[in-house]
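Spelled out from the first residue to the last, the chains are:
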Amino acid sequence: MPDWSAEATRWLAGARLAPADEADIAEELAQHLEERYQGLLSGGVTESEAIRLTMAELDGERAGGLMRDLAAARRHPHSPPVPLGATSGGGRLGRLWGDLRFGARLLRRTPGFTIVAALTLALGIGANTTIFSIINALLLRPLDGVARPGELVQVGRTQAGQGFDTFSWPDYLDFRDGARTLSGVAGRFIAPAHLSTGGASERVRVDLVSGNYFQVLGIPTGHGRLLLPDDDGAPGAHPVAVLSDALWRRRFGSDPGVIGATVRLNGHPFTIIGVTAGRFHGTDTGGLTDLFVPMAMLGTLRPEAATFLTRREAVWLTIFGRLAPGATVAQAQAEIGAIARHLQQQFPETNAERGVTVAGGLGFEPGTRGEIRTFSGILLGVVGLVLLIACANVANLLLARGAARAREMAVRASLGASRGRLVSQLLAEGLVLAALGGAGGFVLGVWSLRLVLRLPVFATGGGLTIDAGPDPLVLAFTAGAMLLSGVLFALPPAFRASRVDLVTALKLGAPGAGGGRSRLRGALVVAQLALSLVLLVASGLYVRTLAALYRVEPGFDPERVLVATVDVGLQGYDDARARTFFDELERRVAALPGVERASLGYMLPLGGGGWDTRAFPAERAAAPDDPGIKSDVNVVSPDYFATVGMPVVRGRGFDGTDRAGAPLVAVVNEALAGKLWPGADPVGRRFRLGAQGTEVLEVVGVVRTARYRSLLEAPRSFFYRPFAQLPQSDMTLHVRVGESVDPGTFVPAVRRVVADLDGDLPLDRVQTLAGRLDRSVGSQRTAATLVALYGLLALALAAVGLYGSMAYLVSRRTREIGVRMALGAEASRIRRQVLGAALRIAALGGVIGLAVAVPAGRLLRSQLFGVTPADPVTLVAVVIVLGAVSLAAAYVPARRATRVDPVVALQSE
Amino acid sequence: MFTRELKKGTTPMLILSLLEPRPRHGYELSKMLERRSQGVVRVHAASLYPLLYRLEAGGWIEGRWVEKAGERRRRFYRLTAEGKRELEKQRRGWAEFARAIGRVAGVSHA
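In this text the structure is predicted, and so the values were computed from the model without any measurement.

J.: Can you walk me through the overall build of chain B in this structure?
T.: Counting its secondary structure elements, chain B contains four helices and three strands. For chain B, the α and β elements follow one another from N to C terminus as α-β-α-α-β-β-α. Every one of the 110 residues in chain B was classed for burial, and the buried ones make up 30%. The long-range fraction of contacts in chain B, counting pairs at least 24 apart against all pairs at least 6 apart in sequence, stands at 45%.

Structure representation (structure tokens):
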């Protein structure tokens, strides 16, 4: 006789039960087998046949699945018998757990479905994770290393109630000493400087800070000590510096011995007294500070600004503070506002119209934060739609699966499972699917984040250098997106599937069952189409904006031009020395082989900022309330216009006669000429700077209006003055190189020329003009690229989903088509009808989508350039694309249906 | 013809009803299922025991090792109060269902 106990134990081994359980079950099973064996023998069966039949007890149908059931049932003694519609037994939690396990098991049984659905969800959830990570880093995450960031406020200057700007140092001292609602008020000034330690030198970002800066922020010390109010004493008295942790690691190899060492900033010795702890990198979200120096060293680092600390009219200081315990932003606003009003009365000549705005938070100034918030909202909306489309796809898949499982549901319902029970079972299945999608989405999101951070605006020097790694908040967001999408895609099919009509469903898949289901599917297709259309319209508008951005004529020729800024002020040059230096620099660079021309300009084209003045025609006295013509000015050397490819259309450019001491001259652009002397020839006319100004310039030439501050600006009044008559300490060298040469290859040669003239002068902002032009529209391009990419992702998802839904709708008619074919209907006619029906659904989706997309497009208005929100080209293109996708999705299954042999079609039941 | 699905769905109810009059052990249950259904319902040990454990975990039946003098111990299953309620519910459901089938498909049931 076989050893049934051993057989039972061997059989149970796969279930990996707890030893005590296993022994019990083995004993019970062994008894069963033995009795069966004995029963068979006593029934007259031969021994070998009895053994075979007894062994068959163990390889019942789906033994593997039942093994798992067994294991699960024993391991969790309180979980419910899932396949039945239990209404009691086990706790609520236990039931959920059981449902989840059952769902997982079902999904494992259909790997194809599971993979497609999870991947679809992962794409949708991943897109949301990526965008949320960026928003988190930009807007939600407090500044690294700052204590209780919620208490920090920034204080901005308003001028006649407008703006959010910098203050003078004396104003700052009055706020600092007068404020009771703020426990501390600190200031900082960004002063890029030239850092040299022994041999190597580089340009670094130095923040000149008030002595209480670190105390107000509550920054922990890493090594040595941080700055104290005493360090910020008499001007120039304490040449000390604190390193950021990042610079300390990068430049000093994390050497603690660096405390007490001397480095040179702009050639002046500074003693390193400490290193900040952790990841603190200054108070700007988008920028990284390398060194912190007491404000009293301003005159040392910036000789031209030496007097700023005593001058109330010079506004250059950024101010922030920490709310005193219990104080609110509104109280601080009231108090600082009162101090500002008092200063207005006390110093009317400097502080007239100077007010303050106190705003919570630090990192971005409020205006920038607002812009980022707007765009973040748009992006979140876009990826939200992508997720919705993904959910619609999965809901569709589940509906199709639900149809296949109608009988299973009916059996369960007939066994007494309540509807709620069936819904919760199906929801649990959805949650398992969502969890798979969520996990995939998180991985995908983190990965695609890395790609997104390569886009222009986030690249180094692009304006927003952020650390957008995943953190608990991102994880929580992904989990939330996962749960929400799980409910979204699983609930409608779950309710649909659980609405079992026992009679029809148990008639084993009678045709016509689930007419409601196909209506729901039709509705889903319409919704999918509408959502995709909205997204595609948004995406299309951004693509058109991108194209328009590339078409803008800058008004100069950026190809083959290299620019690099040299600031001799950093080394303390006076005007005469600066003029000599720059003349020599221009001469030597122009003489380099391969260089066509070299010249100097003060303003870097498309740098965002400008130097504005007000111009008044000199031939008449200005009326008291005449604001004059607001105009930007640039200081250039004679060869500038030829170097940047800006033709002089009237009169002449500058030449050697426009020297210091000679009559003051200017070249104006057409916009300024038209405003100062409408319709008249401006050459030879004169204009004054400032209503009562003593500087009067004679116009010697006119150039075309170009783009100056940004590529997207409205035509701006502009004029040029010769460098010889208005020398500046920081000038940008413009170098035009010969045909078919990469201007970038001239960087080393230019560096050598500068080093030969003064070895301590760093070359800054070295770039090609073409590259600069690209970067100047970096944020717009980043925005457009992101929306366009996510629009494409949505299109791909929607196309797949549409195809699936359409194909399913058509395939449900296979039998009907078979009947009609059998009755002699023409295939082409049937195809036309099927296509017509599909197109009606598509048209409905399209109309709804358009009705939403056109008003929604208006929300994007501020982001668009060169295209209107209701751009007909975009709308038509999107309709054609979606129409084509719908048509293809309907045509292929329609063709297949008409090719089916009627006999086969009729047998499909 | 007794389809797999139908069998999977109905076996639990059948077991609950077999346990209604008195506790029984696993082998007995399998024999009775076969005999009473006149061979239509055959449940292998590989399916029976997992099902029993699930019903037990659900609180509808209770298994207990019982030792009788002169015999080795056996595990008997007993219907719980919860199980009785469930059985009644399922019976009602099936009766309704069967009547519905009868009305629609013209199948009369014994």
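J.: Can you walk me through the overall build of chain A in this structure?
T.: When helices and strands are counted, chain A shows 28 helices and 24 strands. Every one of the 909 residues in chain A was classed for burial, and the buried ones make up 45%. Sequence separation of at least 24 residues holds for 81% of the intrachain contacts in chain A that already meet a minimum separation of 6.

J.: Please clarify how the nonpolar core should be interpreted in this entry.
T.: Residues and elements named next belong to chain A. If you look at the biggest cluster of nonpolar residues, it comprises 93 residues, and the most contacted ones within it are V382, V386, I389 and A794. Ranked by residues supplied to this core, first place goes to helix α13 (residues 366-404) with 19 residues. Not counting residues within four places of it along the chain, the set of residues in contact with V382 comprises L535, A538, V787 and Y790. Judged by nonpolar contacts, the second largest core, of 62 residues, contains V561, A666, M731 and L769.

J.: What is the right way to read the sheet that holds strand β1 (residues 24-25) of chain B from this model?
T.: Within a sheet, each strand pairs with its neighbour through backbone hydrogen bonds, oriented either parallel or antiparallel. The strand order across the open sheet built from three strands is β1-β3-β2 (chain B), with neighbouring strands paired in antiparallel fashion. Among the strands making up the open sheet, the edge pair consists of β1 and β2 (61-66) of chain B.

J.: Mind showing me how you'd approach the environment of A:R736 here?
T.: Residues and elements named next belong to chain A. If you trace the backbone, R736 turns up in strand β23 (residues 730-737). Using a count of 22 C-beta atoms within 10 Å as the deciding quantity, one classes R736 as buried. Between the C-alpha atom of R736 and that of L562, which follows or precedes it by 174 residues, the distance is 6.5 Å. Each residue touching R736, except ones within four places of it in the same chain, is listed here: R560, V561, E596, R597 and T643.

J.: Just to check I follow, could you spell out the packing of helix α2 (residues 26-36) of chain B against helix α3 (residues 45-57) of chain B for this structure?
T.: Packed helices, taken two at a time, are described by the angle between their axes plus the distance between the axes. Residues and elements named next belong to chain B. Following both chains from N to C, one finds α2 and α3 inclined at 115°, their axes separated by 11 Å at the closest point. Read as a crossing pair, α2 and α3 show a hand that is right-handed. Contacts from G26, L29 and S30 of α2 reach α3 at L48, Y49 and L52. Looking at the contact of α2 with α3 residue by residue, the classes come out as four nonpolar, two polar and no charged.

J.: I would appreciate a short explanation of helix α23 (residues 769-776) of chain A in the present structure.
T.: Spacing of three or four residues puts side chains on the same side of an α-helix, whose turn is 3.6 residues. Within the span of α23(A), buried status applies to A:L769, A:L773 and A:S776. Projected onto a plane normal to the axis of α23(A), the buried residues spread over an arc of 65° and lie on a single side.

J.: It is not clear to me how the environment of A:L733 should be interpreted in this structure. Could you clarify?
T.: Here A:L733 shows up in strand β23. In this structure the C-alpha to C-alpha distance between A:L733 and A:V750, which are 17 residues apart in sequence, comes to 9.4 Å.

J.: What should I look at first to understand the packing of helix α6 (residues 111-140) of chain A against helix α15 (residues 419-452) of chain A in this one?
T.: Residues and elements named next belong to chain A. Contact pair α6 / α15: the axes reach a minimum separation of 6 Å and the direction vectors enclose 45°. By the angle class used here, α6 and α15 are oblique. The handedness of the crossing between α6 and α15 comes out as right-handed. Partitioning the contact of α6 with α15 into residue classes produces 16 nonpolar, 11 polar and no charged.

J.: Looking at this model, I keep getting lost on helix α26 (residues 827-859) of chain A. Mind explaining?
T.: All names here are of chain A. A rise of 1.5 Å per residue sets the reference length of α26, with its 33 residues, at 48 Å; its end C-alpha atoms lie 47 Å apart and thus fit the reference within 8%. The largest bend in α26 comes to about 25°, at A853, with the proline P855 one to four residues further on. What α26 keeps buried is the set V834, A838, I841, A842, G845, G846, G849, A853 and G857.

J.: How should I be thinking about the confidence of the model for chain A in this particular structure?
T.: Residue and element names in this part refer to chain A. Taken as a whole, chain A shows an average pLDDT of 82; of its residues, 88% reach a score of 70 or greater. Low pLDDT (under 50) marks residues 75-89, which in the prediction has 49 contacts with non-local residues, meaning those over four places away or in another chain. In the predicted structure, residues 507-514 sits below a pLDDT of 50 and forms 10 contacts with residues beyond four places in sequence or in another chain.

J.: Even after reading the chapter, I still don't get the pairing of strand β10 (residues 268-276) of chain A, so can you show me in this structure?
T.: Regular strands place side chains that alternate from one sheet face to the opposite one. Residues and elements named next belong to chain A. Note: strand β7 (residues 221-224) against β10, three bridges, orientation antiparallel. Across the sheet, residue H223 finds its bridge partner in β10, namely V275. Inspection of the sheet shows strand β8 (residues 240-243) paired to β10 by four bridges, in the parallel sense. Directly across from V240, in β10, lies its bridge partner T271. Both strand β9 (residues 262-265) and β10 contribute to a ladder of four bridges, which runs antiparallel. Its bridge partner lying in β10, T262 is registered against T271. With antiparallel pairing between neighbouring strands as the criterion, β9 and β10 make up a hairpin whose turn holds two residues, including N266 at a positive phi of roughly 50°.

J.: Explain the confidence of the model for chain B to me, please; I cannot follow it from the model alone.
T.: Detailed reading of predicted coordinates is not advised where the pLDDT is low. All names here are of chain B. Chain-level statistics for chain B give a pLDDT mean of 82 and a share of 87% at 70 or above. Model confidence for chain B, summarised as mean pLDDT per element, is weakest for helix α1 (residues 4-18) at 80 and strongest for β1 at 90. At the level of chain-chain contacts, confidence expressed as ipTM amounts to 0.85, with global pTM at 0.62.

Criteria and cut-off values
Residues numbered from 1 in each chain as written. Chains lettered and ligands numbered in written order. Predicted model: local features only at pLDDT ≥ 70, side-chain atom pairs only at ≥ 80, totals over all residues. Helix = DSSP H or I, 4+ residues; strand = E, 2+ residues; numbered from the N terminus. Buried ≥ 20, exposed ≤ 12 C-beta atoms within 10 Å, placed from the backbone. Contact = placed C-beta atoms within 7 Å. Core = buried A, V, L, I, M, F, W, Y, C linked by C-beta atoms within 7 Å. Pairing = 2+ DSSP bridges. Axes fitted to C-alpha atoms, helices over the stretch in contact; angles between N-to-C directions. Left-handed = near helix turned anticlockwise from the far one by under 90°. Nonpolar A, V, L, I, M, F, W, Y, C, P; charged D, E, K, R; others polar. Arc of directions from axis to C-beta. Parallel < 35°, antiparallel > 145°, perpendicular 65-115°, else oblique. Expected span 1.5 Å × (residues − 1). Bend = angle between axes of the 7 residues up to and from the residue. pLDDT = per-residue confidence, 0-100.

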